[in-house]
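So you can see what is in the structure, the chains are spelled out below.
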Amino acid sequence: MTRQLLAFSRQQVLAPQPLDLNASLIDLGPILHRLLGEDIELQILHSPDLRMVFADPSQIEQVVMNLAINARDAMPDGGKLTVETDNVDLDTAYASHHLDVTPGPYAMLAVSDTGHGMDKATQARIFEPFFTTKGPGKGTGLGLSTVFGIVKQSQGHIWLYSEPGVGSTFKLYFPQLQGQDQPSFGPMSVGAADEGGSETILLVEDEEQVREVTGAILRQAGYAVLEARNGDEALALCAQSIDRIQLLITDVIMPGLNGRQVSEQASLHHPGLAVLFMSGYTDDAILRHGVLETNVHFLGKPFTPSRLRSKVREALTRG
């Protein structure tokens, strides 16, 4: 408990070194299988050419195991746990909206489960020490606070996405090891691939803040944007304006109609309508939930403005 409190308060003594997160996951695989038991399916996905990071290997292992235990407890009847890595670039625009984030290249470690998920009130307190939703004697409430402390002490960034009844995804971002070739992250730059356009986009997102920010980025890039808070509003707008909508951007998990259902019904009015799905869950986790099929345009949250513009152009160009 003392070690966990020190980790949360970022006072723990770490022994950081150049680290390959993929190699750490390979070593952890057998332990995670035993930890999760037979009722939970484990999948570990390694991104090729993953960036090296500077972190304490034992503490990163502790982070992954704590997240796995938390996921296991959220799936008492069994389920699926996906652990995956990827390279992610966080730019100045993203950093300006996220406290303590430094722009630059990162290696991402994501842990996704198919458990009972969390509501917004729980998510707001999930990293507090001693906060737990488990019954008496079933948890100290220090597991996730320890994860938070270790990630922050490693100069990293943690982001949670969860929906009740669907599951949770924790995304951990660790800065690339200094000395490796790193791209420049100055003011927002616009390249040929994400230069914007003039098409009309229907944006469907139930989170007001995400909807407002996404809409503002798209309008700044020159697009006309229609906004809907849910699937019913989106389909009503489709019926009114379908002839001028070139692209549907929709969150995957929403109350009522989900993103797949919205896209299917919108396509009845406009066959061949370009669709870009977005979600805080990783694309693999979404596929494993059975919500989407393969070979769809997908944008993972959180995203940078340049990443959004690039995926929009890709969806509009390829259809």
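These figures come from a predicted structure and were not determined experimentally. (Residues numbered from 1 in each chain as written. Predicted model: local features only at pLDDT ≥ 70, side-chain atom pairs only at ≥ 80, totals over all residues. Heavy atoms only, no water.)

With respect to the sheet that holds strand β2 (residues 40–45)
Moving on, step 1. In spatial order, the strands read β2-β4-β5-β7-β6; together these five strands make up an open sheet with mixed pairing. The sheet terminates laterally at β2 and β6 (157–163), the two strands that pair on one side only. For this sheet, the mean angle separating the axes of adjacent strands, direction not counted, is 15°.
Moving on, step 2. Contacts between helix α2 (residues 21–36) and the sheet are confined to β2, β4 (79–90), β5 (104–113) and β7 (167–175), with β2 contributing the most and set at about 175° to the helix.
Moving on, step 3. Across the sheet, helix α6 (residues 143–153) is in contact with β6 and β7; its angle to β6 comes to roughly 145°. (Pairing = 2+ DSSP bridges. Helix = DSSP H or I, 4+ residues; strand = E, 2+ residues; numbered from the N terminus. Axes fitted to C-alpha atoms, helices over the stretch in contact; angles between N-to-C directions. Contact = heavy atoms within 4.5 Å.)

Notes on the packing of aromatic side chains
Moving on, step 1. Following the criterion strictly, the structure yields four aromatic pairs and no others.
Moving on, step 2. When the centroid spacing of 6.0 Å and the interplanar angle of 10° are considered together, the rings of W159 and Y161 count as stacked. Side by side, W159 and Y161 carry an identical accessibility label, which is buried.
Moving on, step 3. Measuring from ring centre to ring centre gives 4.9 Å for Y161 and Y281, while their planes differ by 85°; the resulting arrangement is edge-to-face. With a gap of 120 residues between them, Y161 in strand β6 and Y281 in the loop between β11 (274–279) and α10 (283–289) connect regions that are remote in the sequence.
Moving on, step 4. With relative accessibility at 6%, the residue Y161 sits in the buried group.
Moving on, step 5. Ring-pair connections join several aromatic residues into one group, and the members of that group are F127, F148 and F170. (Phe/Tyr/Trp six-rings, centres within 6.5 Å; stacked < 30°, edge-to-face > 60°. Buried < 20%, exposed > 50% of the residue type's maximum accessible area, 1.4 Å probe, protein only.)

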